[in-house]
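Listed below are the residues making up each chain.
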Amino acid sequence: MALGEWYETAPEEECTTPKQRESRIPSPSVCPPPPKKKAAFPKKPDPPKNGYFQPPDLDALFVMGPRRQSCV
């Protein structure tokens with residue numbers, strides 16, 4: 001049976017929405033809670049357990065030697 005033949009022999013019924021109880025979408029029993037607002041100021045993180053990084057004495061690395069006098 002070709003597509004055109006089936007269409008011609010199909011009954012002349014309109015498409016309808018199923019109205020049986022099994023076909024209905026169930027209504028929610030409880031409304032969901034409203035969305036929560038985000039905090040205006042985010043919570044600061046706790047300091048690290050091992051403490052912050054302590055670099056070696058950087059002043060010892062960048063000590064300026066005595067100035068050279070220019071030859072005039």
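See above for the structure.
Every residue gets a number counted from 1 within its own chain, in the order that chain's sequence is written. For this predicted model, a pLDDT threshold of at least 70 governs which residues receive local features, and a threshold of 80 or more governs which side-chain atom pairs are given and counted, while totals over whole chains, interfaces and linings are taken from all residues. Where side-chain values are given, they derive from all heavy atoms of the structure, hydrogens and water being excluded.

Student: Could you clarify how one ought to interpret the overall build of the protein in this entry?
Tutor: A count of helices and strands for the protein gives two helices and zero strands. Relative accessibility decides the category of a residue: with a 1.4 Å probe and only protein chains considered, values under 20% of the type maximum give buried, values over 50% give exposed, and everything between is partly exposed. Within the protein, the proportion of its 72 residues that are buried is 1%. Computed with the Shrake-Rupley method and a 1.4 Å probe, the accessible areas treat only the protein chains shown as cover for residues. Of the roughly 9,100 Å² of accessible surface on the protein, a fraction of 59% belongs to carbon and sulfur atoms. What counts as a helix is a DSSP run of H or I of at least four residues, what counts as a strand is a run of E of at least two, and both are numbered from the N terminus.

Student: Any chance you could explain a nonpolar patch on the surface here in plain terms?
Tutor: Residues enter patches when their relative accessible area tops 30% and they take part in no salt bridge; the joining distance is 9 Å for like charges and 5 Å for the nonpolar side chains Val, Leu, Ile, Met, Phe, Trp and Tyr. Salt bridges are identified by distance alone: a Lys or Arg side-chain nitrogen within 4 Å of an Asp or Glu carboxyl oxygen. On the surface, L58, L61 and F62 cluster together into a nonpolar patch covering about 360 Å² of accessible area. With respect to the helices and strands, L61 occurs in helix α2 (residues 58-61). We classify L61 as exposed; its relative accessible area is 61%.

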